[in-house]
Amino acid sequence: MARLTFDDLYHISLTSLGSAADDWKEMVGQLETLATDAADGMVKKSEAARWAGVNADVTRPFVRKTGKEFHDAHTEAKAIWAIIRDAHEELAALQSALKEAVDIDAKNKFIQVTGLPDGTVSCVYLHRRDTNDEQTQAQLDYKDRLENRINKLIAQADEIDNSASQALNKIHGRDSHNFGHAKYDSLDDAQSARAVQLVRKSLAKYRDGGELSITELTELRQLLAYNSKDHEFTVDFYKALGPKDALRFQAQIALDASAEGDKTQFKLAHSIQTSMGEALATATRPPTGKDDPSTAFREDRDYLGKAWQTELKRVGRAPLTFEKNNAQIEIRGYQVLGTLLRHGSYDKSFLTPIAEDMVTFERKQPWAWPEPHNSYSGLGVDTFGLNLDKDGGPGWDPVTGLLEGLSHSPQASTEFFNGSTGEGEHDGLKKISNLDYFLGDKDGKGAREWAYGAAGIKVSDTENFGKEALGHALESATSGRPYDSDTPSKTHTEEQADVFGSVVKKVAANPDLFKGDGELAPIAGSLGNMSAEYMHDIQRVYAGGDESGYIRDTGSEPNLSRPEDKHALDLFLKTTTADPDAYATITQAQEAVTSETLRNAITHRGDKANIGDLAELAVIPGARVEGNTAEGRADAIAAADNSIQKAKEYNDSLEAGDGWLGRLVDLGIGTIDNIPVAGDVAGWVVEDIREAVLDHKAADPDDAAKQVQENRDAYLTTERVKRAERAKQAFYDAAAQAGMDKTQSVKDAAQRAYNAAYDANAVEAS
């Protein structure tokens, strides 16, 4: 089949295709009239006529068949119109996107787009006399992204062209004496039917020891990739296959691709796995009904609801058996589902019940998940697995995939970690909160045991995939955003804040579990991100509340207001910052929130307010955070096998990035009025804080290691001085941004900021 090329899509006029759609729409209306007239006219009259004999026996069936052909002609015309209509709309949208990329984006960047013989394009920067024709890495990356974007548009148009052609052939049936063959209501309908056909063909061939060809896998990959976010396509696809065939197909292509070592096959199977996960998320998401709130949606038509979900649970718990190299592999459906849940954002009405059922099942049947890698010698392969992502392990532990799914599905994650399993109607289990199941009880006991992974990979490394996924899921549950999202922070709900407060207390109750070689140390980076997310609330706790309102309101607060909770928060921060990355994140967030609070206090001060009082009020909470983080870093350096290397890791983490810094500063500036040119101020603040973090927090690794080992208290005293100097400078920065000159009263206030920061959470030198 000829491939649609860049030149085809860019230059072709779609006007005639649009006219054809209009003509077929008119034809549908005319044939509907004829079909109705035939049914209500000659067919009814024929059936009502008092005929008998040879004439009646011949004529009546002929009239019936003729009436049916009018009806079939209308059905066929309607299907043709639907395919042409949708093909025109989608191709027109793709052509518009292509011309925007070529005529606007490429030209604005002086990039030439050239069509290649294989139908794709190549992008190169044009020669410019005002430059030396050398591009920065950022420019080269932009060019590559643009080229990839254009080629994706071409590939999608090619897939639509092929799908429409195949559908029209099936509708027509190539029978000049008979109307009415394949019936489609849309192009999505036709594409979904073709995808299901390919999956079923794969299942049939697998039973006979065969598999789809690369060409067929490529076609299926395109169908799924370009329709994974399409509601109609995905619902039809999964409803037609059912849970068992969908999971069996996914398992067989993943096992084959990972075991056989063919790079092309692996790449195609990986893409199919990703798209099937995204498609499942789409298909199980109930329609919003925003266009018509009174609309009632049907689970069996508009989305995969409770009935499909119930069958999925049954298949998830059941074994699936495969043959590989004359050896039998037995896994469970949930292990396959785990690889799909890693991809897509799922609605809580689907994911939370699935998560609870998966946890309930493994609680009832410990080590419920078979690990076929233990039989490598019998299979004659070096490595294979279900998960085709480069990270995350081989996929035998489905809870890892589940947690990654929760990490991208915030509402489901929040609901799940506020929930529990046990005491169901038939499970016979003790009720345990889901947070306790993963983090342990108040004594740190009873936490989930993590399944092993692939042969040749250290158990600790393999377990870390799951534990890191747990951290990601907790980030999602506490923030209301996918863990890897760079979108602005949201106002916290009570449920999100409750999860964070519970995590703080669990970490404080069992600090050794979360640092060093502790069982749950791999989630430390996520604990750092969660701390940054809740830094305003953390500082509010240390301030003993915030009646002044200078610390920005970020929604519901975690329940950490009791004196013993403040102590728990101290332990939480000391424990979390034993991890260098978490230390850097918390340090940046603390600096941003303290600077923001100072600006708020100075900008919104009353006429009679003493700026020295304001300075103390604003810096003490952040200094308390810093005191704890300094202790956490000192303890980690002292406990390390190589103290110098550990000290260097802290410096490297501080220098590596400041993603939280920009996010918090932008939000903070947005809440402050009376400051000119907020965007400029944000830039100043970020630079001031970035410089302060490196100047006041970084330390020579040799000196830091030696000082910690020889005199920890002296090291912490040095940190107190740095903390105080930074607080003083932060006050000066905020005052300057508010337009205040460095008068004696401002200098006095800055000194009070220094003294307050020095004293907060002090550790006395011996």
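Residues numbered from 1 in each chain as written. Predicted model: local features only at pLDDT ≥ 70, side-chain atom pairs only at ≥ 80, totals over all residues. Heavy atoms only, no water.

**Student:** Mind laying out the overall build of the protein chain, listing which residues take part and the relevant values?
**Tutor:** Counting secondary structure elements, the protein chain contains 29 helices and 6 strands. Sorting the 766 residues of the protein chain into buried and exposed places 51% on the buried side. By sequence separation, contacts in the protein chain at least 24 residues apart represent 75% of the contacts at least 6 residues apart. Accessible area of the protein chain: about 35200 Å², with a carbon and sulfur share of 48%. (Helix = DSSP H or I, 4+ residues; strand = E, 2+ residues; numbered from the N terminus. Buried < 20%, exposed > 50% of the residue type's maximum accessible area, 1.4 Å probe, protein only. Contact = heavy atoms within 4.5 Å. Areas by Shrake-Rupley, 256 points an atom, 1.4 Å probe, with all protein chains shown as cover.)

**Student:** Which residues make up the pairing of strand E2 (residues 121-125), and what values go with them?
**Tutor:** The alternating pattern of E2 places Val121, Cys123 and Tyr125 on a buried face, while none of Ser122 and Val124, on the opposite face, is buried. Bridge count for strand E1 (residues 111-115) against E2 is 5 bridges, and the pairing is antiparallel. If you follow Gln112 over to E2, its bridge partner there is Val124. (Pairing = 2+ DSSP bridges.)

**Student:** Can you explain the nonpolar core? Please cite residues and give values.
**Tutor:** By size, the foremost hydrophobic cluster in this structure holds 103 residues, and its most contacted members are Phe237, Tyr238, Leu403, Phe417, Phe438, Leu470 and Leu474. The greatest single-element share of this core, amounting to 14 residues, is contributed by helix H7 (residues 231-260). If sequence neighbours within four positions are ignored, Phe237 has contacts with Ser192, Ala195, Val196, Val199, Leu224 and Met276. Counting 34 residues, the second largest nonpolar core, distinct from the first, contains Ile80, Ala87, Ile111 and Tyr125. (Core = buried A, V, L, I, M, F, W, Y, C linked by side-chain atoms within 4.5 Å.)

**Student:** Explain the environment of Pro353 to me, using residue names and the numbers behind them.
**Tutor:** Following the sequence through the fold, Pro353 ends up in helix H12 (residues 348-364). C-alpha of Pro353 to C-alpha of Phe416: the two residues are 63 residues apart in sequence and 8.6 Å apart in space. Other than its neighbours up to four places away in sequence, Pro353 contacts Gln309, Lys313 and Lys348.

**Student:** Mind laying out the packing of aromatic side chains, listing which residues take part and the relevant values?
**Tutor:** Each aromatic ring pair is summarised here by two numbers: the centre-to-centre distance and the angle between the ring planes. Tallying each qualifying case throughout the model produces 17 aromatic pairs. With centroids separated by 5.5 Å and ring planes inclined at 50°, the aromatic side chains of Phe361 and Trp369 adopt a geometry described as tilted. Residue class for Phe361 comes out buried when judged on its relative accessible area of 7%. In this structure Trp369 comes out as buried when scored by relative accessible area, which is 6%. Three or more aromatic residues joined by ring pairs form one cluster here, namely Phe416, Phe417, Tyr437, Phe438 and Trp450. (Phe/Tyr/Trp six-rings, centres within 6.5 Å; stacked < 30°, edge-to-face > 60°.)

**Student:** Go over helix H6 (residues 214-227) with me, naming the residues and quoting the values.
**Tutor:** The end-to-end C-alpha distance of H6 is 20 Å, a good match for the 20 Å that 14 residues give at a rise of 1.5 Å each. Three or more residues of H6 are buried, namely Glu216, Leu217, Glu219, Leu220, Gln222, Leu223, Leu224 and Asn227. (Expected span 1.5 Å × (residues − 1).)

**Student:** If you had to explain unusual backbone geometry to someone new, which residues and values would you point to?
**Tutor:** Not every positive phi belongs to a glycine, and Phe110 is a case in point at roughly 60°. Topologically, Phe110 is positioned in the loop between helix H3 (54-108) and E1. Overall, Phe110 belongs to the partly exposed group, its relative accessible area being 37%. A positive phi is found at Glu423, a non-glycine position, where the angle reads about 60°. Structurally, Glu423 is set in the loop between strand E5 (420-421) and strand E6 (432-433). On the accessibility criterion, Glu423 (59% relative accessible area) is exposed.

**Student:** Can you explain the environment of Pro701? Please cite residues and give values.
**Tutor:** Considering the arrangement of structural elements, one finds Pro701 in helix H27 (residues 701-710). Each C-alpha atom of the pair Pro701 and Ser643 lies 8.1 Å from the other, and the pair is 58 residues apart in sequence.

**Student:** Residue-level account of the packing of H27 against helix H28 (residues 712-737), with values.
**Tutor:** Closest axis-to-axis distance for the H27/H28 pair is 5 Å, and the angle between their directions is 130°. It follows from the interaxial angle that H27 and H28 lie oblique. In this structure, H27 uses Ala704, Gln707, Val708 and Glu710 to contact H28, whose residues at the interface are Arg712, Ala714, Tyr715 and Thr718. Residue classes in the contact of H27 with H28 are distributed as 4 nonpolar, 2 polar and 2 charged. (Axes fitted to C-alpha atoms, helices over the stretch in contact; angles between N-to-C directions. Parallel < 35°, antiparallel > 145°, perpendicular 65-115°, else oblique. Nonpolar A, V, L, I, M, F, W, Y, C, P; charged D, E, K, R; others polar.)

**Student:** Describe in detail the side chain of Thr597, supporting the description with residues and values.
**Tutor:** Along the chain, Thr597 turns up in helix H22 (residues 580-603). Classification of Thr597 as buried rests on a relative accessible area of 3%. Those residues in contact with Thr597 that sit more than four places away from it in its chain are Tyr550, Ile551 and Ala618.

**Student:** Residue-level account of the packing of helix H11 (residues 333-341) against helix H14 (residues 398-407), with values.
**Tutor:** Axis separation between H11 and H14 bottoms out at 7 Å; the angle between their running directions is 30°. The angle between the axes of H11 and H14 places the two elements in the roughly parallel class. At the point where H11 passes H14, the crossing takes the left-handed sense. Contact residues: Tyr334, Gln335, Gly338 and Leu341 in H11; Pro398, Gly401, Leu402, Glu404 and Gly405 in H14. Here the residues of the contact of H11 with H14 sort into 4 nonpolar, 4 polar and 1 charged. (Left-handed = near helix turned anticlockwise from the far one by under 90°.)

**Student:** Which residues make up the side chain of Glu216, and what values do they have?
**Tutor:** Positionally, Glu216 belongs in helix H6. Among the residues examined, Glu216 registers a relative accessible area of 14% and is labelled buried. At 3.0 Å, the side chain of Glu216 forms a polar contact with the backbone nitrogen of Ser213. Residue contacts for Glu216: discarding those within four places in its chain leaves Leu198 and Lys201. (Polar contact = N/O pair within 3.5 Å; in protein donor to acceptor, adjacent residues only side chain to side chain.)

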